[in-house]
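Geometric and topological summary
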Amino acid sequence: MEIGVDRERCAGAGMCALTAPEVFDQDEEDGRVRLLTARPVDGQRAAARLAAGVCPAAAITLGD
Amino acid sequence: MTHEPTTHEPKTHDEPTAHEPTAHEPTTAPAEVTAFPTARHTGCPFDPPAELAALREESPLRRMRYPDGHHGWLATGHAAVRAIMADPRFSARYELLHLPMPGFEEVEIPPAAPGDFTGMDAPGHTRYRRLLTGRFTVRRMRLLTERVEELTAEHLDAMAAQGPGLDLVEAYAHPVPAQMICELLGVPYADRKQFTGHVATLFDQRADIEAKGAAYGAVESYVKGLVAAKRAEPTDDLLSDLTGTDLTDEELAGVGSLLLGAGLDTTANMIALGAFALLSHPEQLAALRAEPGLAGPAVEELLRYLTVADPAVRTALEDVEVDGRLIRAGDTVTLSFQAANRDPARFPGPDRLDLRRAATGHVAFGHGAHQCLGQQLARVEMQIALPALLRRFPTLRLAVEPSEVPLREQNNIYGVRSLPVTWDQT
Ligand code: HEM
Ligand code: SF4
């Protein structure tokens, strides 16, 4: 699974960092998403998928 | 409500009657909806107006006649609400909206004042959000945990000192988040008499447009004075920090007013109504008291179940197809978060409060580019304030019959006006 984030779309709402803190963080300055890892390991994938689903701005994409 | 075909505009293909009925839609034309339903059943303080559920069952996205005669839409299904809220082809600009509540038929709604970004679209809206979201990140809000704990402890001590038999709104649910947003912004809490009443008017659906305009003016002029003071002598708070950005004084006053207005009474109503809901569901209350780890999921479920901020309104900037229906440019859509959060297609057994359910994905904070800026602060506050209250007063209970608790009807933020509680003194 490969994760992509679109910082232009990001609304900085923090749902990703709340849902999958091992995969996403928020920028200290503008609050926008920062990807901690594009390739989450086994224990992180379900949370990453959930984060993509709840992101209000559809800024997170999941590839294979 | 009667169906009166003679007064209808000519039927277009997006009329519910004009295409093949589906499982969701009845074979007869549904009665026309002529205003957003707000009447709750007596004795059912936590459930949305029953009419909303009936409308959602009929069709999650349907036409609605607005009080000013506009032929717009009402979205009640979770999927439809999310799709429209996330779609930038729907505008949040105030001047394009038709309001779903009666009382505003004759008025022209002015565009958002500088800084009042909740009524703006990208790129103007984006500029403000990017200046602010860094201040409201999950991490930053967690850093406030200690301060929220201190504030809750202080107020719980004061309650214990006062003794059983008091109003939980006044003693606890209101002051904790109000003091928090004031400290964050750099608003002296001692000044609160200068803005709390006006902020309340902004959310009161019974106040007319003149009263709302005057209330906004009063809050804004208070904040403007504060901005001048922060420019002259910066302190360690959000308003002072923002004077270091390219925002003008006018924009700063607008931003400050929006944040103060949005943060003052929202979490307060969730804490008070949340306490009321827990006291009415003793087995859920016992679970939360017993399992500290349940605080996170419990708050999400309370947000879903109670959905105090409802509805949102948007206007299509171009023709958009949603759910097989054509929403035309200029059509206003009213989006009901409380109906969406009780959609059985998304949340099984939606009318049951179940603190253990996975309530993530609810739209109690809205959805899309305007999703609540203060949600991480609200989460921290609720996750601390509710369990702390239950731990401190193990015998906490209502001091009146549930049916006697005064509700905030006809308000953009639902909740209780007061919550008389008592406990056994030990
Ligand atoms: C439990 C408490 C709260 C609830 C249920 C709530 C709910 C909401 C909802 C539903 C929206 C979206 C409105 C729309 O799209 O039309 C919103 C927006 C907003 N909220 Fe909250 N809110 C809460 C607490 C707070 C707090 C504590 C703050 C303080 C900073 C805050 C600040 C804002 C702001 C500034 C917006 C506008 C965001 C924008 O337009 O980009 N909220 N809130
Ligand atoms: S959930 Fe989406 S919008 Fe929110 S910070 Fe993460 S990527 Fe950005």
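The paragraphs below set out a description of the structure included in this document. Bear in mind that the values here come from a model prediction, so they are computed numbers and not experimental data.

A word on the packing of aromatic side chains
All names here are of chain B. In this structure the tally under the stated criterion is five aromatic pairs over all chains. Pairing F46 with F276 gives two aromatic rings, centres 4.9 Å apart and planes at 70°, and the pair type is edge-to-face. Linking F46 in the segment before α1 (50-58) with F276 in helix α12 (residues 266-279), this pair joins segments that are 230 residues apart in sequence. Since its relative accessible area comes to 1%, F276 is described here as buried. Where F195 meets Y222, the ring centres are 5.2 Å apart and the plane angle is 45°; that geometry is what we call tilted. In this pair, F195 sits in the loop between α7 (175-185) and α8 (196-203) while Y222 sits in helix α9 (residues 209-232), placing the two residues 27 residues apart along the sequence. For the pair F195 and Y222, a shared accessibility class is recorded, and that class is buried. Lying over the aromatic face of Y189, R192 brings its terminal NZ or CZ to 4.1 Å of the ring centre. The side chain of R304 reaches across the aromatic face of F347, ending 5.3 Å from its centre.

Describing helix α13 (residues 282-290) of chain B
Residues and elements named next belong to chain B. For α13, the set of buried residues is Q284, L285, A287 and L288. Down the axis of α13, the buried set is contained in an arc of 160°. They therefore lie on one face. Among the exposed residues of α13, those pointing more than 90 degrees away from its buried face are P282 and A290. The inward-facing, buried residues of α13 contact α12, α14 (295-306) and α16 (375-392).

A look at the coordination of the iron atom of ligand 1
Ideal values differ by geometry: the angle at a metal is 109.5 degrees with four tetrahedral donors, but 90 or 180 degrees with six octahedral donors. When only protein atoms are considered, the iron atom of ligand 1 has one donor, C372(B) (SG), at a distance of 2.3 Å. Inspection of the secondary structure puts C372(B) in the loop between α15 (337-340) and α16.

A word on the interface of chain A and chain B
Each partner contributes residues to the interface: chain A has 22 residues there, and chain B has 20 residues. Summed over both sides, the interface of chain A with chain B buries roughly 1700 Å², with 45% coming from carbon and sulfur. When the buried area of chain A at its contact with chain B is split by residue, L18(A), E28(A) and P56(A) rank highest and sum to 29% of it. If you look at where chain A meets chain B, you find three salt bridges. Note that R130(B) is salt-bridged to E8(A), the shortest N-O span being 3.8 Å. The tally of links between chain A and chain B comes to 10 residue pairs in polar contact (both at pLDDT 80 or more). Those elements that place two or more of their residues in the side of chain A that touches chain B are α1 (15-19), β2 (24-26) and α2 (42-54) of chain A. Looking at which element gives the most residues to the side of chain A that touches chain B, the answer is α1(A), with three residues. Class assignment for the residues of the side of chain A that touches chain B results in nine nonpolar, five polar and eight charged.

Calculation criteria
- Residues numbered from 1 in each chain as written.
- Chains lettered and ligands numbered in written order.
- Predicted model: local features only at pLDDT ≥ 70, side-chain atom pairs only at ≥ 80, totals over all residues.
- Heavy atoms only, no water.
- Phe/Tyr/Trp six-rings, centres within 6.5 Å; stacked < 30°, edge-to-face > 60°.
- Helix = DSSP H or I, 4+ residues; strand = E, 2+ residues; numbered from the N terminus.
- Buried < 20%, exposed > 50% of the residue type's maximum accessible area, 1.4 Å probe, protein only.
- Lys NZ or Arg CZ within 6 Å of the ring centre and 35° of its normal.
- Arc of directions from axis to C-beta.
- Contact = heavy atoms within 4.5 Å.
- Donors = N, O, S within 2.8 Å, 3.2 Å for Na, K, Ca; no water.
- Buried area = accessible area lost by both parts, 1.4 Å probe.
- Salt bridge = Lys/Arg side-chain N within 4 Å of Asp/Glu carboxyl O.
- Polar contact = N/O pair within 3.5 Å; in protein donor to acceptor, adjacent residues only side chain to side chain.
- Nonpolar A, V, L, I, M, F, W, Y, C, P; charged D, E, K, R; others polar.

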